[in-house]
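# Survey of secondary and tertiary structure
As a plain string of letters, each chain reads:
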Amino acid sequence: MERALRTLTVLQHVLFGVLAVVCLARALATGASVIASVLLTLTLLGWYAAGARASRRHPAESLTGAGPGRQGVVWLLGLTAIWAALVALSPENIWLAFSLWLLAGHFLRPPAALAYAASVLALVLLATWRATGSVTVAGIIGPVIGAAFAVALSRGQVALAREGIERAALVASLVAAQTEAETLHAELAAAQRESGVLAERTRLSRDIHDTLAQGFSSILLLSRAAGAAGAAGAAGDPATLTSLLGQIERTAAANLDEARRVVGALAPRDLDGSGLAAALRRILDAFGEESGIRTDLRIDGDPAGLPTTAEVALLRTTQGALANVRRHAQATRVVVSLSHLDDSVRLDIVDDGIGFDPAADRRRGPVSGGAGGYGLPSTRARLRELGGDLSVESAPGEGTALTAHLPLGPVAAEGDRERVG
Ligand SMILES: Nc1ncnc2c1ncn2[C@@H]1O[C@H](COP(=O)(O)OP(=O)(O)OP(=O)(O)O)[C@@H](O)[C@H]1O
Ligand SMILES: [Mg+2]
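My aim in this report is to walk through the structure given alongside it, one point at a time.

Cut-offs applied
- Residues numbered from 1 in each chain as written.
- Chains lettered and ligands numbered in written order.
- Predicted model: local features only at pLDDT ≥ 70, side-chain atom pairs only at ≥ 80, totals over all residues.
- Heavy atoms only, no water.
- Helix = DSSP H or I, 4+ residues; strand = E, 2+ residues; numbered from the N terminus.
- Buried < 20%, exposed > 50% of the residue type's maximum accessible area, 1.4 Å probe, protein only.
- Contact = heavy atoms within 4.5 Å.
- Areas by Shrake-Rupley, 256 points an atom, 1.4 Å probe, with all protein chains shown as cover.
- Core = buried A, V, L, I, M, F, W, Y, C linked by side-chain atoms within 4.5 Å.
- Pairing = 2+ DSSP bridges.
- Axes fitted to C-alpha atoms, helices over the stretch in contact; angles between N-to-C directions.
- Near = heavy atom within 4 Å.
- Polar contact = N/O pair within 3.5 Å; in protein donor to acceptor, adjacent residues only side chain to side chain.
- Nonpolar A, V, L, I, M, F, W, Y, C, P; charged D, E, K, R; others polar.

When helices and strands are tallied, the protein chain shows 12 helices and 5 strands. Counting the 421 residues in the protein chain, one finds 38% classified as buried. Put simply, of all contacts in the protein chain between residues at least 6 apart along the chain, 69% involve residues at least 24 apart. Only carbon and sulfur atoms are counted for the fraction: they give 63% of the accessible area of the protein chain, which is about 23,000 Å².

Core analysis: the biggest nonpolar cluster contains 35 residues, and Leu44, Leu79, Trp83, Leu96 and Trp101 have the highest contact counts within it. Those elements that place two or more of their residues in this core are helix H1 (2–29), helix H2 (34–57), helix H3 (69–89), helix H4 (97–107), helix H5 (110–132) and helix H6 (137–231). Element by element, the count of residues in this core is highest for H5, at 8 residues. What Trp83 contacts, discounting residues up to four positions off in sequence, is Leu44, Asn93, Ile94, Leu96, Ala97, Leu100, Val120, Leu123 and Val124. One finds Leu315, Val334, Ile349 and Leu383 within the second-largest nonpolar core, a separate group that totals 34 residues.

Further remarks concern the sheet that holds strand S3 (residues 344–351). Pairing is mixed in the open sheet, where 5 strands are placed in the order S1-S2-S3-S5-S4. Edge positions in the sheet fall to strand S1 (294–300) and strand S4 (389–394), since each has one partner strand and no second. The average angle at which neighbouring strand axes cross in this sheet is 10°, direction not considered. Two strands pair when backbone bridges link them, and S4 and strand S5 (residues 400–407) are joined in this way by 6 bridges, in the antiparallel orientation. The residue of S5 that forms the bridge with Leu390 is Ala404. Sitting on the sheet, helix H9 (residues 308–329) is in contact with strand S2 (333–340), S3, S4 and S5, with an inclination near 10° to S3. In the packing of helix H11 (residues 375–385) onto the sheet, contacts are made with S4 and S5, and the angle to S4 comes to roughly 145°.

Turning to H11, its buried residues number three or more, namely Gly375, Leu376, Ser378, Thr379, Arg380, Arg382 and Leu383. Downstream of H11 by one or two residues, Gly387 has phi in the positive range, about 85°.

Moving on, we get to unusual backbone geometry. Even without glycine at this site, Gln330 takes up a positive phi of about 50°. Along the chain, Gln330 falls in the loop between H9 and S2.

In the vicinity of ligand 1, 17 residues are found, and the nearest of them are His209, Asn324, Arg327, His328 and Tyr374. In the environment of ligand 1, an oxygen atom lies 2.8 Å from a nitrogen or oxygen atom belonging to the backbone of Leu376. Burial of ligand 1 by the surrounding chains reaches 89%, relative to a free accessible area of 600 Å². At the level of secondary structure, the elements contributing two or more residues to the shell around ligand 1 comprise H9 and H11. Looking at which element gives the most residues to the shell around ligand 1, the answer is H9, with 4 residues. When grouped by side-chain class, the residues that make up the shell around ligand 1 number 6 nonpolar, 8 polar and 3 charged.

As structure tokens, this is what we get:
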């Protein structure tokens, strides 16, 4: 379309030049002053050319003329004044009016363009009357149709040019939007990669806390006990010593195994395909044997079909809770209950130890990288990631009850897919 508009503009320039030359020839032929006619026609052409050149710098704003806005109007009025002088010199110059009407549509708004066209028309009729002494109906209708046609044509041209500008702007904004979308997409991918790395780090630190750290603290306690038994010398019981060493060996072996699994991001060793209930049983038996604390396991409902992520989370919750019972509770008994509901699973770990104030503990907050306070918050975060939660009920002197709750919906299953993928 731009090409067609440019062609139209060039045609308009050519028309103006041809009309100017033809009018000059006819004026000279009808006896007009040669010098005045030639000078005025050259001035007219020069003025026109200057405007056409300026319009190239604003091609879309005005297709011919001196450019957009007021400058264009001034240029058109100047051109009209030179033309009026030419008409005064010789009425043959009225033919240039057609080009003026064409320009009017470009530089003036419709009402002003009509007023301008009417004024030029009046001048044309006046010149005709002066030359012939009369104006016929045909002599009026001809110029009126010419004026109407020229103004309408130029308005149409302006409308087309505007449409072209709008279309170009639209295309530019679409291209910009697409570039922006691509940038955003790249940023999102980078953020996802980063969060994947973070999630993996968090998983590793939790696994290390819940398994390796607890295993080492068991080994430490058992070694101290063995050391104490050894110090008792002959009075010590060799069977106790042997049993303690056996426990140390088993715990160290389990830790080694667990370390390999943590590094390989495999399911915990205790979850060896026999299901969560069996894994809990094994953990509790070992815990009871090592700590001397009585343990009890209760399973409600059908344990089949738990996603691995849920099983891992509940197993880690139990391991963390038992480590706390051993380190802090001074309990004589701990009861672990696993309840399978329709769309969720619930795990309770209740001990009869000294208890604590959970609110005060929360206020202290987790001690990062330090000795304590990482266990409960990280267990809670692990469960929340799967759409569940952890609640702690305790008071000094009243034992402690931990309740983990996990929904068995799309969230848990999704976590599973991520872990496997
Ligand atoms: N069963 C419990 N009996 C008594 N106090 C408990 C029990 N469980 C937790 N606590 C108290 O809550 C605090 C926070 O426990 P949490 O597991 O978050 O951290 P931690 O055991 O001190 O350290 P970490 O688990 O990071 O090695 C403990 O320091 C302890 O005071
Ligand atoms: Mg702890």
